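Structure at a glance
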Amino acid sequence: MSHIPSRLFGSLATAMVTPFTEDGALDVDSAVRLAAKLVDDGCDTILLSGTTGESPTTHQPEKNELTAAVKEAVGDRAFILCGAGSNDTAHAVRIAEGAQAHGADGLLVVSPYYNRPSQVGLVAHVHAIAEASDLPIMLYDIPGRTGLAFSDETLDVLAQHPRIKAVKDATGNVEQGVERMHRTGLEYYSGDDGLNFAWMTGGASGFISVVGHVAAKKYREMIDLLDRDKVWEARELSYSLRPLVAAIMGGGQGAVMAKHALHLQGVIDTPKLRLPLVEAGAEEIEGLRLALKTAGLL
């Protein structure tokens, strides 16, 4: 009989893009429509204001408005996880407080980037955010972007906090993550679409996807297959999505390509981004169009 891990944060999350109007304003109507589509397609968690949601260039009133609108639209059908990341701890605390006040069900907390504190400082940063709300917290380990990885010792300390429950792992090191999830008891979530299958077979609770913007139905099928111990079938489904994963994530900037994919599908009105992100070139968009068609998604 299959052993299914605990899933406080669901099993299939999409790190949702933040739609903008052509003039760069927050497009709440499109965000609500997109969130509803993702839930209809099988997502049981929506991550708002993560990196893919362009959190570095959205301001707190916008984050709060987005959280409130999506919570009202789908909050009875999905867990609303909100990014509360900053390299300014006081700012991260304010984001966390705002997220809770506007209906968030949980927080995603990334390590402080650029100023690169010590591990002691990292623990103090996370604890300050954890104490600012009553919400469960998922840590986000993505040293390729932040320059600051969570050490084993830091995770052991943070795992003792009653509200720190999980890790989104984008280190690329599945072997290390499997050891950590067993040692700490924290739920683990894949943060790399190319490694979703490997993480799930290693015991992860689920994954937080960018490709899920267009492939949530297929990812839901994959998770359901794994939950029924149909590993080979899940493997083949995962492999079939590799060209799509490469088209969206191959350039290292999923927010750009996810918006183009949704625009190609007619889900959002414009792939508008905020600087310093810019739209993809014609060749990249054509490659994305082909990948979507090949996957039967266009």
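What you are looking at is a predicted structure, and each value in this text was computed from that prediction instead of being measured.

**Description of the pairing of strand 7 (residues 187–190)**
Across the two faces of strand 7 the burial is the same, with E187 and Y189 and Y188 and S190 all buried. Traced from strand 6 (residues 164–169) through helix 7 (residues 174–184) to strand 7, the parallel crossover comes out right-handed. Relative to strand 8 (residues 206–209), strand 7 is paired through two bridges, and the arrangement is parallel. Within strand 8, the residue paired with S190 across the bridge is F207. Traced from strand 7 through helix 8 (residues 196–201) to strand 8, the parallel crossover comes out right-handed.

**Section: helix 7**
Of all the positions in helix 7, only V174, G177, R180, M181 and T184 are classed as buried. The buried side chains of helix 7 occupy one side of the element, clustering within an arc of 120 degrees when seen end-on. Those residues of helix 7 that are exposed and angled more than 90 degrees off the buried face are E175 and H182. Those residues of helix 7 that are buried lie in contact with strand 5 (137–141), helix 6 (152–158), strand 6, strand 7 and helix 8.

**Focus: the packing of helix 3 (residues 89–101) against helix 4 (residues 119–130)**
For the pair helix 3 and helix 4, the least separation of the axes is 9 Å and the interaxial angle reads 30 degrees. The angle between helix 3 and helix 4 falls in the class roughly parallel. Crossing of helix 3 over helix 4 shows right-handed handedness. Counting all contacts with helix 3, which are made through T89, A92, V93 and A96, the residues of helix 4 involved are H125, A128 and I129. Grouping the amino acids of the contact of helix 3 with helix 4 by side-chain chemistry returns five nonpolar, two polar and no charged.

**Things to note about the nonpolar core**
If you look at the biggest cluster of nonpolar residues, it comprises 81 residues, and the most contacted ones within it are M16, I46, L107, L139, Y219 and L244. Examining the composition of this core, we find that eight residues originate from one element, helix 9 (residues 212–227), more than from any other. The residues contacting L107, other than those within four sequence positions of it, are L81, C82, A84, A96, A99, I129, S133, L135, P136, I137 and M138. Within the second largest apolar cluster, 15 residues are counted, among which are A13, L81, M138 and I208.

**As for the sheet that holds strand 8**
With parallel pairing, eight strands are arranged side by side around a closed barrel as 1-2-3-4-5-6-7-8. Pairs of neighbouring strands in the sheet enclose a mean axial angle of 25 degrees, with direction left out of account. The pairing of strand 1 (residues 12–15) with strand 2 (residues 45–48) spans three bridges and is classified as parallel. The residue of strand 2 that forms the bridge with A15 is L47. The strands touched by helix 4 within the sheet are strand 4 (106–110), strand 5 and strand 6, with strand 4 carrying the most contacts at an inclination of about 160 degrees.

**Observations concerning the packing of aromatic side chains**
A full pass over the atoms with the stated rule returns four aromatic pairs. Here F9 and Y189 contribute two aromatic rings whose centre-to-centre distance is 6.2 Å and whose plane-to-plane angle is 85 degrees, an arrangement assigned as edge-to-face. On the criterion of sequence distance, the pair formed by F9 in the segment before strand 1 and Y189 in strand 7 is long-range, its members being 180 residues apart. Take Y189: its relative accessible area is 1%, and that puts it in the buried class. A ring pair is formed by F207 and Y219, whose centres lie 5.0 Å apart and whose planes are at 75 degrees; its orientation type is edge-to-face. Of the two residues, F207 sits in strand 8 while Y219 sits in helix 9, which places them twelve residues apart along the sequence. Take Y219: its relative accessible area is 2%, and that puts it in the buried class.

**Digging into the packing of helix 9 against helix 10 (residues 231–240)**
Packing of helix 9 against helix 10 leaves a shortest axis separation of 8 Å and a crossing angle of 160 degrees. By the angle between their directions, the pair helix 9 and helix 10 is classed as roughly antiparallel. Handedness of the crossing formed by helix 9 with helix 10: left-handed. Contacts between helix 9 and helix 10 involve K218, E221, M222, L225 and L226 from the former and V231, E233, A234, L237 and S238 from the latter. Classifying every residue of the contact of helix 9 with helix 10 gives six nonpolar, one polar and three charged.

**A word on the UniProt feature "active site" (unreviewed entry) in the protein**
Annotation from UniProt places "active site" (unreviewed entry) at Y140 and K168. A compact arrangement is adopted by the annotated residues: their sequence extent is 29 residues, whereas the largest C-alpha distance between any two is 4.8 Å. Turning to its location among the elements, Y140 is positioned in strand 5. By relative accessible area, Y140 is classed as buried at 8%. Each residue touching Y140, except ones within four places of it in the same chain, is listed here: T51, L108, V109, V110, S111, F150, K168 and A170. Here K168 shows up in strand 6.

The rules behind the values
- Residues numbered from 1 in each chain as written.
- Predicted model: local features only at pLDDT ≥ 70, side-chain atom pairs only at ≥ 80, totals over all residues.
- Heavy atoms only, no water.
- Buried < 20%, exposed > 50% of the residue type's maximum accessible area, 1.4 Å probe, protein only.
- Helix = DSSP H or I, 4+ residues; strand = E, 2+ residues; numbered from the N terminus.
- Right-handed = clockwise from strand over helix to strand, strands pointing away.
- Pairing = 2+ DSSP bridges.
- Arc of directions from axis to C-beta.
- Contact = heavy atoms within 4.5 Å.
- Axes fitted to C-alpha atoms, helices over the stretch in contact; angles between N-to-C directions.
- Parallel < 35°, antiparallel > 145°, perpendicular 65-115°, else oblique.
- Left-handed = near helix turned anticlockwise from the far one by under 90°.
- Nonpolar A, V, L, I, M, F, W, Y, C, P; charged D, E, K, R; others polar.
- Core = buried A, V, L, I, M, F, W, Y, C linked by side-chain atoms within 4.5 Å.
- Phe/Tyr/Trp six-rings, centres within 6.5 Å; stacked < 30°, edge-to-face > 60°.
- UniProt positions renumbered as here; feature names shortened; annotations may be inferred.

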